[in-house]
Amino acid sequence: MARKVLHIPANKNVSVSTASRQRILRVAAYCRVSTEQDEQLNSFENQVQYYTEHIERNPNYEMAGIYADEGISGTSTTRREQFNRMIADCESGKIDLVITKSISRFARNTQDCLKYSRRLKSLGIGIIFEKENINTMDGSGELLFTILSSLAQEESRSISENCQWGIRSLFKQGVLHINSNRFYGYDKDENGQLIINPEQGKIVKWLYESFMDGYSPDVLARKLNEDKVPGCMGEPKWTVDTVLGILQNEKHKGDAILQKTFTEDYLTKKQVKNEGQIAQYYVTDDHEPIVSRELWEVTQLEIKRRREFLKVHGLRTLGRFTDEQPFTSRVFCGVCGSPFWRRTCYRSYGAIKTWMCSTRYYEKGVKNCGNDTMKEEIFHAAFIEAWNFLIANREQYVPIWEAQMKGDNLLAAFRAKQFLRLTKQAKPMAELDKSIVSKTFEKSIIYPMGEVEFYFLDGTVIEVDTIK
């Protein structure tokens, strides 16, 4: 039997119901401005007002909300909270249609544009781009949308390159481009020049001086947190890295290195450290210094010295000794070279503080290194004896210190000046002065039978026999 196809024509007398033709759509608008400048924020307010009136004026529309991000770049949706909230509301069935000014306001990233438009389209939600006159639910909408979103991304790349070119042109002229709100110690005046913040400047100077007095970055960070000293963002959240960042920033001596970092990807805005990929510029005497050049330079040498000290002795942090225990991580075994640990031994007559080689008992109950332990009171007495010997024989060390002050080694000159000052008219130490230990002591080596060597930061080595 032959196959037949019967054509059934449409009945023009049957009309689509009014309710179906005039379905009320829950419409949301998305607004965004790309900078935080006043004229752009005014534009932002105008957008909110415009879409509010536009939606309320259309009888087929019902307001589903205005979603607006202020002062946030459109190249990525990661930090756009309102945008992400709008997408979540779409997925929750709260929105039927999204209206936005243009593709560049929605996103300048082609991948994000297509990703979110297709996600919403799969939910039956269209996006109307007014400037381009595109509705993503139309048949040809996605093709045109893809082309125009690619153009928007290219525009973003061009803008990014122009901005970077402008910044680098200023760098060539020695003009700083810096956010003083995230830079501790300085503010900007009306001309954009760095000026010292009085309160922060005092903290910066204190950090440099305290570091050169022997305190470690973790101790300095702890002190600032305990005293609730505000950081650059206004909260007392000091870390070792924050302290080291301040100690190594050349701007605190009045100079400036320009182009320390650069934007690697204009879409992700990822900043990477400039290690020679692009040109840098060094500006000398750009602004008023907080610390002297001498103090800044010797601080860099001291940071380097401590790092080398860690490497040589297999330690982990930049000076783990503290203000309360200034000998920690600076006492070593004369037999195996391992660090000596401070331990508390409990006896029937009470607790005893001792120092012992960290490998003495490598495994519980198994003796390894054969070096002797030393009571802390004996060790402290040995340091006092060594320091008092230095004071008593000061005259023989003065010529050495004076020669160091005239030498090319800035750190040695700084220490020589320091030792001259600390030992001048100094009285013999009766009890352990921890501040003197922090300022002058480098390390100690404990040998069997109670022999101890004390190494001072000026290069002096004094031996003490604790068993006499």
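Residues numbered from 1 in each chain as written. Predicted model: local features only at pLDDT ≥ 70, side-chain atom pairs only at ≥ 80, totals over all residues. Heavy atoms only, no water.

Summed over all chains, the structure comprises 18 aromatic pairs. Between F327 and F441, the ring centres sit 5.1 Å apart and the planes meet at 75°, which makes this aromatic pair edge-to-face. Taken together, the residues span a long stretch of sequence, with F327 in the loop between α10 (293–313) and β12 (331–333) and F441 in strand β16 (residues 441–446) at a distance of 114 residues. With respect to class, F327 is no different from F441; both count as buried. Aromatic pair W387 and F456: ring centres 6.2 Å apart, planes at 45°, arrangement tilted. Of this pair, W387 sits in helix α11 (residues 376–392) while F456 sits in strand β17 (residues 451–456), and the two are 69 residues apart along the sequence. Relative accessible area serves as the criterion here: at 3%, W387 is assigned to the buried category. Among the aromatic residues, ring-to-ring pairing joins F327, W355, F379, F383, W387, Y397, W401, F419, F441, F454 and F456 into one connected group. (Phe/Tyr/Trp six-rings, centres within 6.5 Å; stacked < 30°, edge-to-face > 60°. Helix = DSSP H or I, 4+ residues; strand = E, 2+ residues; numbered from the N terminus. Buried < 20%, exposed > 50% of the residue type's maximum accessible area, 1.4 Å probe, protein only.)

So, on to the sheet that holds β12. Across the sheet, which stays open at both edges, the 4 strands sit in the order β12-β16-β17-β18 with mixed pairing between neighbours. This sheet does not close on itself; its edge strands, each paired only once, are β12 and β18 (461–465). Put simply, the sheet's adjacent strands are angled 20° from each other on average, direction ignored. Sheet strands touched by α11: β12, β16, β17 and β18. Its angle to β17, the strand with the most contacts, is close to 55°. (Pairing = 2+ DSSP bridges. Axes fitted to C-alpha atoms, helices over the stretch in contact; angles between N-to-C directions. Contact = heavy atoms within 4.5 Å.)

Take the confidence of the model for the protein next. With 73% of its residues at a pLDDT of at least 70, the protein reaches an overall mean of 80. Within the model, the stretch residues 15–21 combines pLDDT values under 50 with 1 contact to residues more than four positions away or in other chains. Taken as a whole, residues 36–40 scores under 50 in pLDDT and shows 4 contacts with residues more than four places along the chain or in a different chain. (pLDDT = per-residue confidence, 0-100.)

Quick look at the environment of G65 now. Its place among the elements puts G65 in strand β2 (residues 61–69). Considered as a pair, G65 and M86 are 21 residues apart in the sequence and their alpha carbons are 8.7 Å apart. Not counting the four nearest positions on each side in its chain, G65 is found in contact with V27, A28 and A29.

Strand pairing in a sheet is mediated by backbone hydrogen bonds. Such pairs are either parallel or antiparallel. Taking strand neighbours across the sheet as the criterion, the 5 strands line up as β2-β1-β3-β4-β5 in an open arrangement whose pairing is mixed. Only two strands of the sheet have a single neighbouring strand rather than two, namely β2 and β5 (134–135). Relative to β2, strand β1 (residues 25–32) runs parallel, the two sharing 8 bridges. Along β2, the bridge assignment pairs R26 with E62. The strands that helix α3 (residues 81–91) touches are β1, β2 and β3 (97–100); relative to β2, the one it contacts most, it runs at about 150°.

Okay, the packing of helix α8 (residues 217–226) against helix α9 (residues 240–247) next. Packing of α8 against α9 brings their axes to within 8 Å, and their N-to-C directions diverge by 105°. With respect to their mutual orientation, α8 and α9 come out roughly perpendicular. Contacts between α8 and α9 involve P217, D218, L220 and A221 on the former and, on the latter, V240, V243 and L244. (Parallel < 35°, antiparallel > 145°, perpendicular 65-115°, else oblique.)

Quick look at the nonpolar core now. The biggest cluster of nonpolar side chains holds 34 residues, and the ones touching the most others in it are F327, F379, F383, W387, W401, F454 and F456. Considering each element in turn, this core owes the most residues, 8 residues, to α11. In this view, W387 contacts F419, L422, T423, M429, I436, T440 and F456; residues no more than four positions away in its chain are not counted. Formed by 27 residues, the second largest nonpolar core is a distinct cluster that contains L207, L247, I290 and L411. (Core = buried A, V, L, I, M, F, W, Y, C linked by side-chain atoms within 4.5 Å.)

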